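Summary of the model geometry
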Protein chains: 2
Amino acid sequence: MREILIQQLTREAFAPFGDVIEIEGASSFPINHGMCVRYHDLAKVETTGDNARTLISLLHGKPYELPLKLEMVERHPFGSQAFVPLSNNPFLVVAAHDYPDGPGDPVAFLAQPAQGVNIHRDVWHGILTPLKGQSDFVVIDRGGDGVNLQEHFYPEAFLIR
Amino acid sequence: MREILIQQLTREAFAPFGDVIEIEGASSFPINHGMCVRYHDLAKVETTGDNARTLISLLHGKPYELPLKLEMVERHPFGSQAFVPLSNNPFLVVAAHDYPDGPGDPVAFLAQPAQGVNIHRDVWHGILTPLKGQSDFVVIDRGGDGVNLQEHFYPEAFLIR
């Protein structure tokens, strides 16, 4: 089984796939008479297609164990999908470049509890993968008409460690 | 000074002003082969006006002390504004009905750490008011052209306790 080594999640490394939603390194300005700092506009939210709208939902996920066998990635042709962790656990973010014959080899990132991600529209990615414990997330994604899911099953699984 | 007593934040009590974003009492369905539960579509996200788009930002706020003197409410004519707490602190949510001559007497709710709120477009509300400690929030609101802020200063302040 081919192995994928998990790398640190940084804005630069994740840029081909989406945005990292974190305070660290974000541009900001003060609001509310200096009582609050706003780290502004950290993700490109995309909602396209018929009757498209932005959804806010919550997720409660069971944890996965590493090493993790990965057989499938998916993508959403009509919208981006942001995950911001509400629990104090890391999670795994898998993404893959798109090629004419489908997704390339996956890339795996370790998101720390203070890091969210926004996966851009039509970018291949793994399902939500909490680590270490049951974890809640707020998810900002797209509602509307049409089939907003494509799945790709790799002919051979990868082992992420 | 007129006093406002803080009430518990529930979906029913907050319904005239917006949505409560919480797992408790939300409708849900399983995803990812049963590894995750999705509490789906918990807030009405509104983005109107020229070049409107949804923003995801983070806020880092200093705490306020109770009782709190309230002199002002504001509203956003072009969009809703959702706040989901990332820290384990409660926060105060102030809202007011709209009347022909401006906002009525404010209403105050205590949001627990597992509760977010989405304030609907054009609803009078207080500024973000963390309690007990420095607190982070994810905010989902509207970017675009035009002046998306109206403020109202009450002729006499209220004391929220």
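To be clear, the structure that these remarks concern was listed above.
Residues numbered from 1 in each chain as written. Chains lettered and ligands numbered in written order. Predicted model: local features only at pLDDT ≥ 70, side-chain atom pairs only at ≥ 80, totals over all residues. Heavy atoms only, no water.

Quick look at the interface of chain B and chain A now. With 40 residues of chain B at the contact, the number on the chain A side is 40 residues. Buried surface at the junction of chain B and chain A, summed over both partners, amounts to about 3,300 Å²; 62% is from carbon and sulfur atoms. In terms of surface lost to chain A, no three residues of chain B exceed M35, I56 and L58 of chain B, which account for 23% of the buried area on that side. Taken together, chain B and chain A are joined by four salt bridges. Ionic pairing is found between R38 of chain A and D141 of chain B, a salt bridge with its closest N-O pair at 2.9 Å. On inspection of chain B and its partner chain A, the count reaches 17 residue pairs in polar contact (both at pLDDT 80 or more). Only β5 (36-39), β6 (53-61), β8 (81-85) and β16 (135-143) of chain B provide two or more residues apiece to the side of chain B that touches chain A. The element best represented in the side of chain B that touches chain A is β6 of chain B, accounting for nine residues. (Contact = heavy atoms within 4.5 Å. Buried area = accessible area lost by both parts, 1.4 Å probe. Salt bridge = Lys/Arg side-chain N within 4 Å of Asp/Glu carboxyl O. Polar contact = N/O pair within 3.5 Å; in protein donor to acceptor, adjacent residues only side chain to side chain. Helix = DSSP H or I, 4+ residues; strand = E, 2+ residues; numbered from the N terminus.)

What follows is about the nonpolar core. Formed by 24 residues in total, the largest nonpolar core has its most connected members in I21, I56 and V138 of chain A together with I21, I56 and V138 of chain B. Taken together, the elements giving at least two residues each to this core come down to β6 (53-61), β8 (81-85) and β16 (135-143) of chain A together with β6, β8 and β16 of chain B. (Core = buried A, V, L, I, M, F, W, Y, C linked by side-chain atoms within 4.5 Å. Buried < 20%, exposed > 50% of the residue type's maximum accessible area, 1.4 Å probe, protein only.)

Attention now goes to the pattern of salt bridges. Scanning the model with the defined rule gives 20 salt bridges over all chains in all. One salt bridge in this structure joins D122 of chain A and R75 of chain A, with 3.5 Å as the shortest N-O distance. Of this pair, D122 of chain A sits in the loop between β13 (116-119) and β14 (124-125) while R75 of chain A sits in strand β7 (residues 68-75), and the two are 47 residues apart along the sequence. Here E46 of chain B makes a salt bridge to K44 of chain B, at a shortest N to O gap of 3.8 Å. Taking relative accessible area as the criterion, E46 of chain B reaches 15% and is therefore assigned buried. Residues participating in the shared-partner salt-bridge network are R2, D105 and E156 of chain A.

The subject of this paragraph is the relation of the copies chain B and chain A. In the superposition of chain B on chain A (RMSD 0.0 Å, axial shift 0.0 Å), the rotation amounts to 180 degrees. Taken together, the rotation angle and the small translation identify this as a two-fold axis. By C-alpha distance to the rotation axis, the residue of chain B lying nearest is L86 of chain B, at 2.7 Å. A share of 100% of the interface residues of chain B reappears at the interface of chain A, consistent with the copies meeting face to face through the same patch. (Least-squares fit on C-alpha atoms with pLDDT ≥ 70 in both.)

Residues L66 of chain A and P67 of chain A are joined by a peptide bond in cis, for which omega reads -5 degrees. Summarising the element assignment, P67 of chain A is placed in the loop between β6 and β7. The phi dihedral of N32 of chain B is positive, around 55 degrees, even though this residue is not glycine. Checked against the element boundaries, N32 of chain B lands in the loop between β4 (28-31) and β5. Using a relative accessible area of 17% as the deciding quantity, one classes N32 of chain B as buried. In this structure, D122 of chain B is a non-glycine residue whose phi angle is positive, near 70 degrees. For D122 of chain B, a relative accessible area of 28% puts it in the partly exposed group.

Let us now look at the side chain of N89 of chain B. Residue and element names in this part refer to chain B. Here N89 is to be found in the loop between β8 and β9 (91-96). The class for N89 is buried, based on a relative accessible area of 16%. Engagement of the side chain of N89 in a polar contact is seen with the backbone oxygen of Q134, the distance being 3.3 Å. A distance of 3.0 Å separates a polar atom in the side chain of N89 from a polar atom in the side chain of S135.

Note: strands within a sheet are paired through backbone hydrogen bonds, in either parallel or antiparallel orientation. With antiparallel pairing, the seven strands of this open sheet are ordered in space as β3(A)-β13(A)-β8(A)-β16(A)-β6(A)-β5(B)-β4(B). Of all strands in the sheet, those bounded by a partner on one side alone are β3 (18-21) of chain A together with β4 of chain B. In this sheet, neighbouring strand axes are inclined to one another by 25 degrees on average, regardless of whether the strands run parallel or antiparallel. In the sheet, β6 of chain A pairs with β5 of chain B via four bridges, with the strands oriented antiparallel. By the bridge assignment, L59 of chain A is partnered in β5 of chain B with R38 of chain B. (Pairing = 2+ DSSP bridges. Axes fitted to C-alpha atoms, helices over the stretch in contact; angles between N-to-C directions.)

Relative to the assigned elements, A43 of chain B resides in the loop between β5 and β6. Sequence-wise, A43 of chain B and D19 of chain B are 24 residues apart; in three dimensions their C-alpha atoms are separated by 5.5 Å. In this structure A43 of chain B touches I56 of chain A together with D19, I21 and N118 of chain B, once residues within four positions along its chain are discounted.

A regular strand places its side chains so that they alternate between the two faces of the sheet. Residues and elements named next belong to chain A. By the criterion of burial, β8 is predominantly enclosed, with five of the five residues buried. Side chains Q81, F83 and P85 project from β8 onto one buried face, and the interleaved A82 and V84 project onto a second face that is buried too. Across three bridges, the pairing between β8 and β13 is antiparallel. Within β13, the residue paired with A82 across the bridge is N118. Summarising the sheet, β8 and β16 pair through four bridges and their orientation is antiparallel. Looking across to β16, one finds that V84 is bridged to V138.

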